[in-house]
There are 2 protein chains.
Amino acid sequence: MKDLIAALPEGRVVTDPDVIDSYARDRTFLGPGQAAGAVLARTRDEVATTLKWASAHRVPVVPRGAGTGLAGAATAIEGCLILSLHRMTAITELSPADEIAVAQPGVITADLDRAARAHGLMYAPDPSSYEISTIGGNLATNAGGLRCVKYGVTRDSTLGLEVVLADGRVLNTGRRTMKGVTGYDLTGLFVGSEGTLGVITEATLRLRRAPAEPPATIAAEFTSFRDAAAAVAAIIAAGCQPSMLELLDRATLKAIDDWKHIGLEAATQAMLIGQSDAADSATAIARMGELCEENGATFAAVSSTPQEAEELVAVRRLAYEAKERLGACLVEDVCVPRSALPEMISAVEAAGARHDVLICTVAHAGDGNVHPVFVFDRGFAEPPPQVWAAADEVFRAALRLGGTLTGEHGVGLLKRRWLALEAGPVVTDLQREIKAVFDPLNIMNPGKAI
Amino acid sequence: MKDLIAALPEGRVVTDPDVIDSYARDRTFLGPGQAAGAVLARTRDEVATTLKWASAHRVPVVPRGAGTGLAGAATAIEGCLILSLHRMTAITELSPADEIAVAQPGVITADLDRAARAHGLMYAPDPSSYEISTIGGNLATNAGGLRCVKYGVTRDSTLGLEVVLADGRVLNTGRRTMKGVTGYDLTGLFVGSEGTLGVITEATLRLRRAPAEPPATIAAEFTSFRDAAAAVAAIIAAGCQPSMLELLDRATLKAIDDWKHIGLEAATQAMLIGQSDAADSATAIARMGELCEENGATFAAVSSTPQEAEELVAVRRLAYEAKERLGACLVEDVCVPRSALPEMISAVEAAGARHDVLICTVAHAGDGNVHPVFVFDRGFAEPPPQVWAAADEVFRAALRLGGTLTGEHGVGLLKRRWLALEAGPVVTDLQREIKAVFDPLNIMNPGKAI
């Protein structure tokens, strides 16, 4: 460690165990291994110096942003060096004419969005944690969010990257242009690779025109989750093109109600929150309301003011914190073809009932992306066997329905044991070999993602 | 060859030199090498059998679709086996509820679009050749098109792939869902890899809602190409979100006029054709018209009927064939940040003047994607030195302006000599190593793309 401390400016290397521990976790229950140290890098060259040292000494490196991940990708492993990018916070360029921004990995997601809005633009990806998550973490996990039903995930907004490899070499992938097909898509390969291929030190990101008006918003309540899921299918099939379409089950609503007193009706089993930011948003939202009513909604109301709309969306954004008040949480993230949403929901309910586990479910319903949150007693260091048994049922149901283990959170440590079910042996082999091209010593976040 | 003929159903292997020759070219001037044979595959298993044979005998394989490529990726090389996928023409699934289609590689692009339209959906990517190009070729080159200014390129519509590797192993990448982050993005890696990593035998493609009404269309004429380019920048900056924004220079318009007599005015140096398929398309098109006039348009007219609009777009789609009437063509494909469009156009004009080369230019202007077509005498087997000198200037200008060598046509054989200027040594090395993971014997379309 002395060599590393000497090679970097003062204050970059942390060795105090308590401070290291504050950089060792993400938002999962996973207990970290004991890290040898943490580097709080401020420049690309400091990242390169750090990785060269790690390569020379064969020390595994766990890169991280804000630690808001939900799958353990940023969880420290025994003997590792933590490499935090959260201090690289510059937006180095924002070009309204080209609709691009160039950002360092420690930029907070919502800060980039706000910077873009000052020019009539927006940065579309908005994971629920976007007020505290970093661009670097979003890139590492290919983060989704509420708006991605219309605007796509982080990869869809990424044009180019600057990356430092494990041996300290620096490369630039992609481009500043809207299109480009020179060579293989290395940009897409790094996005979502959970820090296992290299460390992203700068990203060229696509901005989009921000809608001129605030979105129109509707909330609808249902006496069954399946009815709500049917309304989702109808809304998509009718071409309403929502910019947000979120579904909350009763357990989630109850957790929010217990905390914030939102006046939850006794009969309400599900709430659907939809938005449209299109030029004809009023028409689109009215149609969504009709389709909710046709599918059994007991109540459907269009927000009359932007403030009312914001309050509704705030309810959705409170969901995760509300559940954390109930106990420790295993947050899952299956994604199925949209037509399979009702069946997926039934499978989640059945798994919860069979194993007597409280599951609160929210869904980015327009994408078929379902987040069942398995709640367990904080007394347990990790989820008890019945939780894993229920989760196993949920994963297998998602795959059976043509879906995937993870829509937007990533594999990290949490989903490794199910990975082979989805990827198959050929893909598994290829992924290991691709990792070896970028990281032949296997020091980049080993044991994660693949 | 006897083993291969015996291993495949009758009629799959072509050995007649004249027939082989008909599968040996794309739409470039490039003369092919003499192929040993051609396989016209009908199933995934036939592809696997073919590739296993090629691996066993170390025979290079050149996969192809319809041969509409413009960079030589499908040009036969000496001693190769041509593997044509154009007979695998099934659309095996089309799900309106999930907005996806599953298609074999030989499906004609426009046929898939028409099949989707029957359900109120569309397949967005529309390279100019879409009436004759195949989905497999579009995937291999990550094809763009006119609509991609709004809907993105082929990769943006690709969810998952079935691929046969050089050794005959079959893998499935990606998913059927809108989102998914299990493992590395192998789907994105195969798209645009020009047949150098494996052979795509099936693709799961994203469909989108087709607009309810025909798009609104505007055409504007300018007395300078730079004015037209400035109008493009203004249209993008104003947030008009065109679904098409095409720019044609006088040389192109003259070639079309000489052929189809479109009534070209003497003073017209450029024409801009814009479309909007948004819900407020009339408003968007009217605004585009104002911006054209503010930027010096001598004439700007909104089409009053869909038929009139189709005729205008047909003018754009004639551009390539009109130029082919003038002589042999080197079709180029640089892409720059949109703000650099006027400078890029000036650089093209300067290169043409300096080297006394006729260059006809069209641009997918909303993307900054410029197609300068260098016309030369058919007597030459390949472009004469002054054409290459002018092209070299154009490529270097694109890179200097922050752009790329190829926006949508690919590298193929044509752009290899400039590749290192854009990719740099680290990316070049990584790409070679990635290819070796998938194709360790280097039999898949060797010497192309990277």
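Read on for an overview of the structure. From a predicted model like this one, the values you see are computed outputs, not experimental measurements. (Residues numbered from 1 in each chain as written. Chains lettered and ligands numbered in written order. Predicted model: local features only at pLDDT ≥ 70, side-chain atom pairs only at ≥ 80, totals over all residues. Heavy atoms only, no water.)

All right, on to the overall build of chain A then. What chain A contains, in helices and strands, is 15 helices and 19 strands. A compact globule built from 450 residues should have a C-alpha radius of gyration of about 22 Å, and chain A, at 22 Å, falls within 12% of that. For chain A, the C-alpha atoms occupy an extent of roughly 65 × 55 × 40 Å along the three principal directions. Every one of the 450 residues in chain A was classed for burial, and the buried ones make up 62%. A sequence separation of at least 24 residues applies to 72% of the contacts in chain A between residues at least 6 apart. For chain A, the accessible area works out to roughly 15800 Å², and carbon and sulfur atoms hold 50% of it. (Helix = DSSP H or I, 4+ residues; strand = E, 2+ residues; numbered from the N terminus. Rg over C-alpha atoms; globule rule 2.2 N^0.38 Å. Buried < 20%, exposed > 50% of the residue type's maximum accessible area, 1.4 Å probe, protein only. Contact = heavy atoms within 4.5 Å. Areas by Shrake-Rupley, 256 points an atom, 1.4 Å probe, with all protein chains shown as cover.)

Moving on to the environment of G296 of chain A. As for its position among the elements, G296 of chain A is in the loop between α10 (281-294) and β15 (297-302). Non-local contacts of G296 of chain A, meaning those with residues more than four positions away in its chain, are made with F222 and D227 of chain A.

For the rest of this paragraph, the subject is the pattern of salt bridges. Evaluation of the coordinates by the stated rule reveals 53 salt bridges over all chains. Here D185 of chain B ties to R155 of chain A by a salt bridge, and the two come within 3.4 Å at their closest N and O atoms. One end of the pair, D185 of chain B, is in the loop between β9 (170-174) and α7 (186-190); the other, R155 of chain A, is in the loop between α6 (148-151) and β8 (158-164), on a second chain. Exposure class is identical for D185 of chain B and R155 of chain A. Each is buried. Several salt bridges share partner residues, and in doing so they unite D113, R117, D126, R147 and R317 of chain A into one network. (Salt bridge = Lys/Arg side-chain N within 4 Å of Asp/Glu carboxyl O.)

Moving on, we come to the packing of aromatic side chains. The description of two aromatic rings rests on the distance between their centres and on the angle between their planes. Counted under the stated rule, the structure contains 10 aromatic pairs over all chains. Ring plane angle 70° and centroid distance 6.4 Å describe the contact between F29 of chain B and W388 of chain B, whose orientation is recorded as edge-to-face. One end of the pair, F29 of chain B, is in the loop between α2 (17-22) and β2 (37-40); the other, W388 of chain B, is in helix α14 (residues 385-400), with 359 residues separating them in the sequence. Assigned by exposure class, F29 of chain B and W388 of chain B land together as buried. Ring pairing ties together the aromatic residues F29, F376, W388, F395 and W418 of chain A, which thus form one cluster. (Phe/Tyr/Trp six-rings, centres within 6.5 Å; stacked < 30°, edge-to-face > 60°.)

A separate point is the relation of the copies chain A and chain B. If you rotate chain A by 180° and push it 0.0 Å along the axis, it lands on chain B with an RMSD of 0.0 Å. Put plainly, the chains are arranged around a two-fold axis. Both copies contact each other with a shared surface, as 100% of the interface residues of chain A are interface residues in chain B too. (Least-squares fit on C-alpha atoms with pLDDT ≥ 70 in both.)

The next point concerns helix α4 (residues 109-117) of chain B. All names here are of chain B. Buried within α4 are the following residues: T109, A110, L112, D113 and A116. Mapping the buried residues of α4 onto a view down its axis gives an arc of 155°, with all of them on the same face. Of the surrounding secondary structure, the elements contacted by the buried residues of α4 are β5 (91-95), β6 (100-103), β7 (121-122), α5 (135-141) and β10 (199-206). (Arc of directions from axis to C-beta.)

Let's shift gears to the side chain of T134 of chain A. All names here are of chain A. Within the fold, T134 resides in the loop between β7 (121-122) and α5 (135-141). There is a polar contact of 3.1 Å between the side chain of T134 and the backbone nitrogen of G137. With sequence-adjacent residues up to four places away left out, T134 is seen in contact with G65, A66, P105, G106, V107, I108 and T109. (Polar contact = N/O pair within 3.5 Å; in protein donor to acceptor, adjacent residues only side chain to side chain.)

A separate point is the sheet that holds strand β4 (residues 81-84) of chain A. Residues and elements named next belong to chain A. Reading across from one edge, β1-β2-β4-β3 is the order of the 4 strands in this open sheet, with mixed pairing throughout. Of all the strands in the sheet, the pair left with one neighbour each is β1 (13-14) and β3 (61-64). Both β3 and β4 contribute to a ladder of 4 bridges, which runs parallel. Directly across from P63, in β4, lies its bridge partner L83. Of the strands in this sheet, β2 (37-40), β3 and β4 touch helix α3 (residues 44-57), which is tilted by about 165° from β4. (Pairing = 2+ DSSP bridges. Axes fitted to C-alpha atoms, helices over the stretch in contact; angles between N-to-C directions.)

What follows is about helix α15 (residues 416-438) of chain B. Residues and elements named next belong to chain B. Here α15 is 23 residues long, yet its end C-alpha atoms lie only 21 Å apart, well below the 33 Å a rise of 1.5 Å per residue gives. If you look at α15, its biggest bend is around 105°, right at G424, and the proline P425 turns up within four residues after that. Here α15 has its buried residues at W418, L419, A423, G424, V426, V427, L430, Q431, I434, K435, V437 and F438. (Expected span 1.5 Å × (residues − 1). Bend = angle between axes of the 7 residues up to and from the residue.)

Note that all results are geometric; they support no functional claim without further evidence.
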